[in-house]
Structures are given as structure tokens and as C-alpha cells.
Amino acid sequence: MRKIFSSRAVVTIIISLIVIVGLIAGSNWWAKRTNTPPFFQRFSNDLAGGVSRIISVPTTAIGRSANSIGNLLDTFEENRELKSKIDEFAQDKVRLQTVEEENKTLKNQLKLKATLTDYKTVSAVTISRSPTTWQSQLVINKGLKSGLKKGMPVLSGAGIIGRISEVNTTNSKVALISDTSEDANRFAITIKGGNGDVNGIVTDFNREKSQLIMSQVTSENQIKAGDLVETSGLGGVIPAGLYVGKVSSVTRDDYGLSKQINIEPAADLGNVTTVVVAVSQIGAQ
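> Give me the overall build of the chain: which residues, what numbers.
Along the backbone of the chain there are two helices and 13 strands. In the chain, which comprises 285 residues, the proportion classed as buried is 28%. Contacts in the chain between residues far apart in sequence, at least 24 positions, make up 56% of those at least 6 positions apart.

Have a look at this one:
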């Protein structure tokens, strides 16, 4: 049988083992003296640490990127929800303001209805108002089908704002009390003064102050701020007793011969959205 190992090979292996054991023993002896790990342990630790660092760099970067993307997505989702809530809040606020305004207008109209004992009322909505004729007329969404006729008084807020000037099948034009053009049919009004009524007509409109003006008043009856102004019924078109507003101030004309009465309208003539038309129950006006 052939020899598996030669004597030289055996000797080499034995010497190598002795050297390795010696190195390990020497390394342990040196580690105990210097309080440092043995060489082979240090080598393996350094190798493992290096590999760990190499692996940790990309994994840490990937983890941070994943966290950043996750946080970004969470923030985006939160922002979208917040924006949605803000939009809903804004819409709710607008709806609330609209309802409150409509409620206030309707309450004022109910007060007006209670005073118009000889009339029934038809509610309507403003559907058109041109900037060029803003102070003179507007269009409402009721007409012949609702029983409206030319000349009927139109009220909004707490007082009269005008009269029906043209009637169509489903809509009507309203001539406003602030219309003071040359061809306008002026409104006859009366002021409840301290020692008697003072009659006249609306002769002008102060756009800057949004006030009606009754000028050329020569009556000596006392008129002061706060006096009530109503329709007089003179002329037979508009009934008497419809509330117009209150006296704001009393001044003299340029020559000092007559008075000028400045009137604060009961209704906001610049913001008319809903109206009521007074329809006579005993015949057309």
C-alpha cells in the first residue's frame, strides 16, 4: 500500500500546528499584558466591523430616504385634508352669512306685511340690475302670471324702494325711488313733523351718502332729524302710509329761501336682492 503522507509532510504539518498554537498562545499572553484583544480576534473584529460599515451605509441611506418619503406623503395627505376642511369651512361660512342675510331680510319683510292691511304681497327676487341704471331700475322674477301690474309699490328691507314700471309674463321692471332722471315719475312723500305734516316729492338722490333729497320745502312746520318719512298717497299711484325712511338733516338752499330735507332710506338701495310687491286686494293701484 502506498504511503498517504511522507515523513516530510508530517513534519511540516506538525511544525505549522506548533507555530499556530504558539502564535495564539503568544497573542493571548500579550493581550493579557496589554489589555487588548488577541491579534486574530482583533483581525476578525476589524474585518466584521468593516463589512458592517460597508453594508450599513446604503441601508441607512435607504432607510432615511424611505422615512423621508413616508413623512412627505403623510404631510401631503395632512395638507390635503386640512385644505379640504378649510374649503368646507369657507363654504359653510358663506352659506351661514347668506342664510343670516336672507333671514334678516325676510323678518323685515314680515314686519312690512303686517302693516299692509289692504294688500296681499308677492315675494320676488332681483334677477338683473345694470350698472348704467343702478340707481334707477332693476328687474325681478315675477310678472303677469303672479298678478303684478304697473304702478304697484315694491318694498325691501324695512321700506319702499320703488314701483312696478313695466310688466312682462314672468318678470317685471321696477322704477326705484332713487331715480331722479328728467322723465322719472317722482315719489310723493310726507314728513311727520313736530307741528304738522310736510308734503313734497323726492327731487334728488345723493349717491355719495345714499340719501334721498326733498328740496324746495317752504313750509314753516318744524322738521328735525329723526322725523319719519312716508308715502303721501298724493297722485293716486302709490298708497299712503308706506315707510320711506327718516330725516337725516335739514339744510337751506343756496339762496336761503327754502329748506332741503336729507332722508336716510329705510332700505339699502344699493343692495336689493329680495323684494315684496304690494298687490291690492280691492283693485289695481
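The discussion continues.
> A description of the pairing of strand S4 (residues 159-167) should follow, citing residues and the corresponding values.
In terms of strand pairing, strand S3 (residues 153-156) meets S4 through four bridges, oriented antiparallel. Paired with Val154 across the bridge in S4 is Gly162. The turn joining S3 and S4, which pair antiparallel and follow one another in sequence, is formed by two residues; a positive phi near 65 degrees is taken by Gly157. Pairing analysis gives five bridges linking S4 to strand S5 (residues 172-176), with the strands arranged antiparallel. When the sheet's bridge partners are listed, Ile164 is paired in S5 with Val174.

> For unusual backbone geometry, give the residues involved together with the corresponding values.
Despite not being glycine, Ser210 shows a phi value in the positive range, around 55 degrees. Tracing the chain through its elements places Ser210 in the loop between strand S8 (204-206) and strand S9 (211-217). A residue is classified by how much of its surface remains accessible, and Ser210, at 39% relative accessible area, is partly exposed. Positive phi, close to 60 degrees, is recorded for Gln216, a residue that is not glycine. Here Gln216 shows up in strand S9.

> Talk me through the packing of aromatic side chains; I want residue IDs and the actual numbers.
The description of an aromatic ring pair uses the distance of the two centres, along with the angle that the planes make with each other. One pass over the full model with this rule turns up zero aromatic pairs. In this structure, Arg163 packs its charged tip against the face of Phe187, placed 3.9 Å from the ring centre.

> Lay out the side chain of Ser258 with the relevant residues and their values.
Tracing the backbone through its elements, the reader meets Ser258 in the loop between strand S11 (243-252) and strand S12 (259-265). Since its relative accessible area comes to 7%, Ser258 is described here as buried. If near-sequence neighbours (up to four positions away) are discounted, Ser258 is found in contact with Gln216, Val217, Thr218, Thr251, Arg252 and Asp253.

> How would you summarise the environment of Ile161 if you had to cite specific residues and measurements?
Relative to the helices and strands, Ile161 resides in strand S4. On the basis of relative accessibility, which here comes to 0%, the residue Ile161 falls in the buried class. Sequence-wise, Ile161 and Ser178 are 17 residues apart; in three dimensions their C-alpha atoms are separated by 7.9 Å.

> Requested: an account of the pairing of S9, with residues and values cited.
The element S9 is largely enclosed, with a buried count of five among its seven residues. Examined bridge by bridge, S8 and S9 share three bridges and lie antiparallel to one another. Pairing of Asp204 across the sheet is with Ile213, part of S9. Where S8 folds back onto S9 in an antiparallel hairpin, the turn is made up of four residues, including Ser210, whose phi is positive at roughly 55 degrees. Sheet analysis places S9 next to S12, joined by four bridges and oriented antiparallel.

Calculation criteria
- Residues numbered from 1 in each chain as written.
- Predicted model: local features only at pLDDT ≥ 70, side-chain atom pairs only at ≥ 80, totals over all residues.
- Heavy atoms only, no water.
- Helix = DSSP H or I, 4+ residues; strand = E, 2+ residues; numbered from the N terminus.
- Buried < 20%, exposed > 50% of the residue type's maximum accessible area, 1.4 Å probe, protein only.
- Contact = heavy atoms within 4.5 Å.
- Pairing = 2+ DSSP bridges.
- Phe/Tyr/Trp six-rings, centres within 6.5 Å; stacked < 30°, edge-to-face > 60°.
- Lys NZ or Arg CZ within 6 Å of the ring centre and 35° of its normal.

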